[in-house]
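# Structural description and commentary
One-letter residues, chain by chain:
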Amino acid sequence: MRILLLWQEVSVANFCYLFLAQCRMELPSAADIPTYHVGFLSPSPDSAIPAQLAVEWNSAFLVALEVLNSERNSYQLEAVSLNSACDYQEAALASMKLSKKSGLIGVIGPACSGAAISASNTLLSYGIPIVSFAATASVLSSRSLFGNFFRTVYSDTYQASAVAASVVKLNMTNVTLLYTKDYYSFSLAERIGELCGSAITRSELLEPGVNIPIDIKQLETVLNSIERKEIVLLVVQPAVAEQIWKTATDLNMTGYPWWYFGTDGTTAFEPAVAEGKVAERLVVALQGEIGLAPFDGDFSDSSACQKFYTHWKEKSYAGLPATDTNKSRSYVPYLIDTVTLFFEIVDALHGAAIEVNASTILAALNGSGPGSPQFKGCTGVVQLDPDSGSRSVSPNQPAVYNLVSLLEDHWELKGRIENGTFTTLLPLTRPGTFSAAEQDLVTSDSILPSRSENRVLIATITILFTSVVLVAAALLYIHKKRRNAAKVYVELVQESH
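Quick caveat, the model's predicted, so the values are computed rather than measured.

Conventions and cut-offs
- Residues numbered from 1 in each chain as written.
- Predicted model: local features only at pLDDT ≥ 70, side-chain atom pairs only at ≥ 80, totals over all residues.
- Heavy atoms only, no water.
- Helix = DSSP H or I, 4+ residues; strand = E, 2+ residues; numbered from the N terminus.
- Buried < 20%, exposed > 50% of the residue type's maximum accessible area, 1.4 Å probe, protein only.
- Contact = heavy atoms within 4.5 Å.
- Pairing = 2+ DSSP bridges.
- Axes fitted to C-alpha atoms, helices over the stretch in contact; angles between N-to-C directions.
- Salt bridge = Lys/Arg side-chain N within 4 Å of Asp/Glu carboxyl O.
- Phe/Tyr/Trp six-rings, centres within 6.5 Å; stacked < 30°, edge-to-face > 60°.
- Lys NZ or Arg CZ within 6 Å of the ring centre and 35° of its normal.
- Left-handed = near helix turned anticlockwise from the far one by under 90°.
- Nonpolar A, V, L, I, M, F, W, Y, C, P; charged D, E, K, R; others polar.

## Description of the environment of Tyr183
Position of Tyr183 relative to the elements: it lies in helix H6 (residues 183–196). For Tyr183, a relative accessible area of 43% translates into the label partly exposed. Remark: the alpha-carbon pair of Tyr183 and Cys112, spanning 71 residues in sequence, is separated by 8.7 Å. Beyond its immediate sequence surroundings of up to four residues, Tyr183 is in contact with Tyr88, Ser113, Gly114, Ile117 and Ala137.

As structure tokens, then:
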């Protein structure tokens, strides 16, 4: 009996072993699935990028990678992340390290234009493509200089048009433009100056300080020379915008009668997440300031982006941005779309049985080979223009920017600009407090009609109405006189007969 039981145990064990072995043969293991490496030139919290935004972007990249890998069983993308510090030299060093990674098919990032120029130059000689989610400098559209560079965002050519549209729409006629020698800042400021013409009354190039982005003494001199009611246009990186606003707050030059308008680098800075008591002062001082922000994407429950936010919440990763429809999210959805773009290309190459490497990815991106991406992402239809490497723009897929206004804890959507034309705009007034006597002055500078303009309008209407009444009364009087005269004439004629 004992021998029989032992034989049964051995037989069962052999059956289980053989069954599991067969299962392992039929189901691919992780080792059997190809893994491709994609680089990420991540921002760091101590760079020109605000700490909170750097955290958001790093988490967004991780979330996108995890969600999209979970949807695929034929391959996986594995990240190789290095810090670019939003710096030209750091980006070059990090790119050199990435170029030596075996199986690297491409690089995502960096966010800053100067770092992107450096990274593209370094990776070009290795034939490695690079796709940025936030580097917007127009020069990066040059195919002769940056043939391996692509981006899921729009060139600053379109942002300059959006700024010019805002200058006209908000009746800005006395603008002081502040900018730096940074690649993003310098080229964008130059284009804005060309488009805005005489509305820009003064342009000031801010010099760097010692271990800080700008020379504070020079900045104080510039700010102190700004006249009341001037618009200060900030075409700067977030760290510079923070320094400008700190200095302006120290000089009591925020709120009425000053008004600050920033490009997307400026609105990437959020005072509510700055450190220490400085944050409290800035939150109070800067409410009502305005600027441009990138299109914030569709985060409704039915959107292509909702799954990423759901995963972000479930994992409790740091930096989850606001999902309200009226709140700005600085380039987070564009980063998610950039990660998605790589998966879309690899899917197409796998489907066509084409080897996946840096060369075939580059060919798909520039349109010279199969797999050119076109898909519905967080920010709409994502498609690249082979002539510029930038996001394609058409009447059906316009370059979209948001006009935003700073509230206590976020930038709030106030208007939308598509291909340089406002499609929606909510009422805006200048920020700060002011006396009743100054009310007319304040409102006349906003897009709303001032009280003085209203009084003129009302007076004009009153005069016209009174004139109409008087004319009508005169005509009625004449008509009655004529009727009476005719009646008398008839009576005279009858008497004569």
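## Considering the sheet that holds strand E3 (residues 104–108)
Strand order in this open sheet of 5 strands is E2-E1-E3-E4-E5, and the pairing throughout is parallel. At either end of the open sheet lies a strand with only one pairing partner, and these are strand E2 (76–83) and strand E5 (149–151). Neighbouring strand axes in the sheet, compared pairwise and without regard to direction, differ in orientation by 25° on average. Two strands pair when backbone bridges link them, and strand E4 (residues 130–132) and E5 are joined in this way by 3 bridges, in the parallel orientation. Counterpart to Ile130 in the pairing with E5 is Phe149. Across the sheet, helix H2 (residues 51–70) lies against strand E1 (35–42), E2 and E3, angled at about 165° from E2, the strand it touches most.

## Brief notes about the sheet that holds strand E8 (residues 231–235)
An order of E7-E6-E8-E9-E10-E13-E14-E15 is seen for the 8 strands of this open sheet, with the pairing classed as mixed. Because the sheet does not close on itself, it has two edges, and the strands there are strand E7 (200–205) and strand E15 (421–425). The mean angle between the axes of side-by-side strands here comes to 25°, regardless of whether they run parallel or antiparallel.

## Here we look at the pattern of salt bridges
A complete count under the given rule lists 9 salt bridges for this structure. Between Lys246 and Glu242 there is a salt bridge, and its shortest N-O distance comes to 3.2 Å. Separated by 4 residues within a single helix, Lys246 and Glu242 lie in helix H8 (residues 238–250), roughly one turn from each other. Lys414 is the salt-bridge partner of Glu412, the closest N and O atoms lying 3.8 Å from each other. Residue class for Glu412 comes out buried when judged on its relative accessible area of 18%.

## A closer look at the packing of aromatic side chains
Aromatic rings in a pair are described by how distant their centres are and how their planes are angled relative to each other. In this structure the tally under the stated criterion is 13 aromatic pairs. With a centroid separation of 6.4 Å and an interplanar angle of 65°, the aromatic rings of Tyr154 and Tyr158 are classed as edge-to-face. An angle of 55° between the planes, with centres 6.4 Å apart, marks the rings of Tyr154 and Tyr401 as tilted. You can see Tyr154 sitting in the loop between E5 and helix H5 (156–169) and its partner Tyr401 sitting in strand E13 (residues 400–406), a full 247 residues away along the chain. Accessibility expressed as a relative area gives 2% for Tyr401, which makes it buried. Note that Arg143 overlies the ring of Phe150, its terminal NZ or CZ placed 5.3 Å from the centroid.

## Overview of unusual backbone geometry
Negative phi characterises most residues that are not glycine, and trans characterises most peptide bonds. A cis geometry characterises the amide bond from Gly109 onward to Pro110, with omega recorded as -10°. Relative to the assigned elements, Pro110 resides in the loop between E3 and helix H4 (113–124). Cis rather than trans, the peptide bond between Tyr256 and Pro257 has omega equal to 10°. Inspection of the secondary structure puts Pro257 in the loop between H8 and strand E9 (259–262). Backbone geometry at Cys86 places phi at a positive 55°, although glycine is not the residue there. Structurally, Cys86 is set in the loop between E2 and helix H3 (88–99). Here Asn252, not a glycine, exhibits a phi torsion of approximately 55°, which is positive. Along the chain, Asn252 falls in the loop between H8 and E9. Its relative accessible area of 63% is what places Asn252 among the exposed residues.

## Quick notes on the packing of H2 against helix H12 (residues 332–351)
Relative to each other, H2 and H12 sit at 35°, their axes nearing to 9 Å. Pair H2 / H12 crosses with right-handed handedness. Of the residues in H12, those in contact with Glu56, Trp57, Ala60, Phe61, Ala64, Leu65, Leu68 and Asn69 of H2 are Val332, Leu335, Ile336, Val339, Thr340 and Phe343. Of the residues contributing to the contact of H2 with H12, the split by class is 11 nonpolar, 2 polar and 1 charged.

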